[in-house]
Amino acid sequence: MNAITIVIGSICILMIAYRLYGTFMAAKVLKLSDETPTPAHEFNDGKDYVPTNKWVTFGHHFAAIAAAGPLVGPILAAQFGYLPSLLWLLIGAVIGGAVHDAVVLFASMRRKGKSLSEVAKEEMGPVAGFCTGLAMLFIITITMAGLSMVVLNALQHNPWGTFSVGMTIPIAIGVGVFYKKTGNLKLTTTVGFILIMVCVFVGPYIEGTALGNLLTLNTKTLAIILPIYAFFAAALPVWLLLAPRDYLSSFMKICVFIALIIGVFIINPSIKMPALTDFVHGGGPVMAGPVWPFISITIACGAISGFHAFVGSGTTPKMLDRWTDIKVVGFGAMLVECVVGIMALIAATALQPADYFAINSTPEVFKTLGMHVSQLPHLANEIGLGLEGRTGGAVTLAVGMTYIFTKIHWFSHLAPYFFQFVIMFEAVFILTAIDSGTRVARYLIQDFFGEIYKPLKKTDWMPGSIFASAVACLLWGYLLFSGDIGSVWALFGVSNQLMASIGLIVGATVILKIADKKRYMLTCLIPLAYLYVTVNYAGYWMVKNVYLNHAAAGYSLLNGILSIIMLVLGIVIMITAIKKWIELLTSPQVKMEKMSTGNI
């Protein structure tokens, strides 16, 4: 198998899916119409509710949802072989992820851009709303701290990366102000993108200077700086920092992967990893579990992710200019993220299997595999860094992309540059999810605690915005600084997919209420059936074999209890939803609610 075959086939499948299935979802299932104003127009406050050009919104949305998942997930899942990962990326993204993102975005917009917990309460009742809100607060806190840890590992003692990433903040503010005053998107985009690329190329030259020494930061310092940045991203008007930064960052993301696609077409690397490895039944050095259910749990964002529900019911529904933009922003962005996941998979599987496992397992474990590295010593010598035992996926992506790029004659001597650039690129990729996620956490806190103190529910109330932003940053910032997140990070894979199941449950309920044909509900029920069974079995497997198993290296009573709590919350929400579905299906006539699209 060669890489070009995978790339061409995957892009064709995704383009056809967008044209046919995306149009069906928009026109028939959701019945999108631009006859009535979106929440961004209806509640325009110049801060959170801001009508925004669909391509700017697409850039923000894509930058926010495409975090560590599509980069790291497929790389870790490559231990099972390239075929399971490729199939789940394509099938999961089209049938599950794109549908999930579109219906959650629609459901939030029809309820004035409210969070998914508020939508669940209004669609299915207070019990479902409370359980959804509790689950979302738990998951978003873990997610922000966990993603931030990846950024810390990429930026610690790395002045080039810190400078390049840090400069995106003042550049984004300048772009936001300039676009707000002129409305000239092409000029602001061009200038902003050029400035970011200048910072990227200037970055290596600051090392050893006074500025470079100032930006050579340890993890504890970065752990304080990141929540402070996230506070301002969450509290400031969306047009001033968050939206333009995510929009500009999306260009870097897309351009890097377009460059990778071009590189693949030039050298056409062969896929060294077999279609299936000996670890499909479990016992792998990267993940101990079997290919099912852990292929779906591990890949996460590249196929379907609950984190997308936070963005789709947080910042994005308050920015969409037209209802029909849901197809591009909701459905389309997920398919583009799938391409990112596929390219990450290619970067990992283009390495020799022994090299892949040497990077992604500890030296002690690798010795038991009976494998011998091939190209890794040469790559380590060119990069100038030891690569064995650098688990977690990020280094594998950087090594894989460097391996492909340096096969091109003109770039053969630039291995250290490419490696460091990809590490920095991954940090930017993830940081855009952190700022958007923190803003979403702010909305969740305002909704959840607004039940106790009503003014908190007003997103345009400045004291409430500042308070909720500070609480959100303190929660995940404490976990980040103290390192306590390490005890619960393993929960993220299961809880993230559980969140996606909740999003599909809410989406199915909304479709049942508004669609012309009740069978359109199957667009959500089919992926929900698979995902719900998968996530519950994965949770059960982890509790039984790892968290509550004294003989397992990952034994943790806390993780076991938290897993059980999360799964119980999911069961309560599912039971509540089924009761609501039976009520709607057995009623003589579904009561059609008037909402903002004017169709129902």
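Use the structure listed above.
Below: a short report on this structure. No experiment lies behind these values; they were computed from the predicted model shown. (Residues numbered from 1 in each chain as written. Predicted model: local features only at pLDDT ≥ 70, side-chain atom pairs only at ≥ 80, totals over all residues. Heavy atoms only, no water.)

Considering the overall build of the protein
When you go through the protein residue by residue, the secondary structure sums to 24 helices and zero strands. Computed over its C-alpha atoms, the radius of gyration of the protein comes to 23 Å, within 12% of the 25 Å expected for a compact globule of 600 residues. For the protein, with 600 residues in total, the buried portion stands at 61%. Nonlocal contacts in the protein, meaning residues at least 24 apart in sequence, comprise 84% of its contacts between residues at least 6 apart. Carbon and sulfur atoms form 69% of the exposed surface of the protein, whose accessible area is close to 22200 Å². The averaged location of the 28 negative side-chain charges in the protein is 6 Å from the averaged location of its 37 positive side-chain charges. (Helix = DSSP H or I, 4+ residues; strand = E, 2+ residues; numbered from the N terminus. Rg over C-alpha atoms; globule rule 2.2 N^0.38 Å. Buried < 20%, exposed > 50% of the residue type's maximum accessible area, 1.4 Å probe, protein only. Contact = heavy atoms within 4.5 Å. Areas by Shrake-Rupley, 256 points an atom, 1.4 Å probe, with all protein chains shown as cover. Lys, Arg positive; Asp, Glu negative; His and termini not counted. Charge placed at Lys NZ, Arg CZ, Asp CG, Glu CD.)

A closer look at the nonpolar core
One finds F310, I326, M343, I346, L387 and W581 to be the most contacted residues of the largest nonpolar core, which totals 188 residues. Broken down by element, the residue count for this core peaks at 17 residues, all from helix α15 (residues 325–349). Beyond its immediate stretch of four places on either side in the chain, M343 contacts V7, F257, L260, I261 and V264. Residues M542, V543, V546 and Y547 belong to the second largest nonpolar core, which totals six residues. (Core = buried A, V, L, I, M, F, W, Y, C linked by side-chain atoms within 4.5 Å.)

Let's talk about the side chain of E118
Within the secondary structure layout, E118 lies in helix α6 (residues 116–124). Look at E118 and you get buried, because its relative accessible area is 9%. Contacts of E118, omitting those with residues within four sequence positions, involve D447, E451 and K457.

Observations concerning the packing of aromatic side chains
Taken as a whole and judged by the stated rule, the model has 16 aromatic pairs. Plain terms: the ring middles of F231 and F232 are 5.3 Å apart, the flat faces sit at 75 degrees to each other, and that makes the pair edge-to-face. In this structure F231 comes out as partly exposed when scored by relative accessible area, which is 21%. F232 sits in the partly exposed class, given a relative accessible area of 43%. (Phe/Tyr/Trp six-rings, centres within 6.5 Å; stacked < 30°, edge-to-face > 60°.)

Topic: the pattern of salt bridges
Working definition: two side chains of opposite charge can pair if their charged atoms are close together. Counted under the stated rule, the structure contains ten salt bridges. R322 is the salt-bridge partner of D34, the closest N and O atoms lying 3.8 Å from each other. Taken together, the positions of D34 in the loop between α1 (3–29) and α2 (39–42) and R322 in the loop between α14 (307–312) and α15 put the pair 288 residues apart, joining distant regions of the chain. D34 sits in the partly exposed class, given a relative accessible area of 36%. Salt-bridge contacts for E122 lead to R111; the nearest nitrogen and oxygen are separated by 3.4 Å. (Salt bridge = Lys/Arg side-chain N within 4 Å of Asp/Glu carboxyl O.)

Focus: the environment of R519
Along the chain, the position of R519 falls in the loop between α22 (491–514) and α23 (522–547). Take R519: its relative accessible area is 54%, and that puts it in the exposed class. In this structure, the C-alpha to C-alpha distance between R519 and G284, residues 235 residues apart in sequence, is 41 Å.

Digging into unusual backbone geometry
The linkage connecting W292 with the following residue, P293, adopts the cis geometry, with an omega of 15 degrees. Tracing the sequence through the fold places P293 in helix α13 (residues 291–299). Even without being glycine, K31 reaches a positive phi, approximately 50 degrees. Counting through the fold element by element, K31 comes out in the loop between α1 and α2.

Let's talk about the packing of helix α5 (residues 82–110) against α15
When two helices pack together, their arrangement is given by the angle between the helix axes and the distance between those axes. Two elements in contact, α5 and α15, have axes whose closest approach is 8 Å; the angle formed by their N-to-C orientations is 160 degrees. With respect to their mutual orientation, α5 and α15 come out roughly antiparallel. Like other packed secondary-structure pairs, α5 and α15 cross with a definite hand, here right-handed. Looking at the contact of α5 with α15, its residues break down into 20 nonpolar, five polar and one charged. (Axes fitted to C-alpha atoms, helices over the stretch in contact; angles between N-to-C directions. Parallel < 35°, antiparallel > 145°, perpendicular 65-115°, else oblique. Left-handed = near helix turned anticlockwise from the far one by under 90°. Nonpolar A, V, L, I, M, F, W, Y, C, P; charged D, E, K, R; others polar.)

Points about the layout of surface pockets
Quantified by volume, the second largest pocket comes out at close to 440 Å³. F58, G332, L335, V336 and V339 are the residues nearest the centre of the second largest pocket, which is lined by 17 residues in total. Elements with a contribution of two residues or more to the lining of the second largest pocket: α1, α3 (54–65), α12 (242–267) and α15. It is α15 that contributes the most residues to the lining of the second largest pocket, six residues altogether. A class-by-class count of the residues in the lining of the second largest pocket yields 15 nonpolar, one polar and one charged. (1 Å grid on protein atoms, 1.4 Å probe; cavity = no way out; pocket = protein on both sides within 12 Å on 5 of 7 lines; lining within 4 Å. Points joined across faces, edges and corners; volume = space filled by probe spheres on them.)

Points about the environment of L137
Examined against the element boundaries, L137 turns out to sit in helix α7 (residues 126–155). Counting along the chain gives 308 residues from L137 to I445, while the straight-line C-alpha distance between them is 7.6 Å. For L137, the residues in contact, after removing those within four places along its chain, are L444, I445 and F448.

Examining the packing of helix α4 (residues 69–77) against α13
Following both chains from N to C, one finds α4 and α13 inclined at 155 degrees, their axes separated by 7 Å at the closest point. With respect to α13, the element α4 is oriented roughly antiparallel. Of α13, the residues touching α4 (which contributes G69, G73, P74, L76 and A77) are I295, T298 and I299. In terms of residue class, the contact of α4 with α13 is made up of five nonpolar, three polar and no charged.

Here we look at a nonpolar patch on the surface
A contiguous nonpolar surface patch, about 610 Å² in accessible area, is contributed by L83, L87, I91, I95, L276, L522 and I526. Listed by contribution, the elements that provide at least two residues to the nonpolar patch are α5 and α23. Here the nonpolar patch takes four residues from α5, the largest share from any one element. One can find L276 in the loop between α12 and α13. (Patch = residues over 30% accessible without salt bridge, like charges linked within 9 Å, V, L, I, M, F, W, Y side chains within 5 Å.)

Let's talk about α23
Between its first and last C-alpha, α23 extends 35 Å over 26 residues, near the 38 Å set by a 1.5 Å rise per residue. The sharpest bend along α23 comes to roughly 30 degrees, located at L528. (Expected span 1.5 Å × (residues − 1). Bend = angle between axes of the 7 residues up to and from the residue.)

Brief notes about the environment of A243
In this structure, A243 sits in helix α12. Sequence separation between A243 and L137 is 106 residues; the distance between their C-alpha atoms is 23 Å. Setting aside its immediate chain neighbours within four residues, A243 contacts H60, V238 and M319.

These results come straight from atomic positions and should not be treated as a statement about function.
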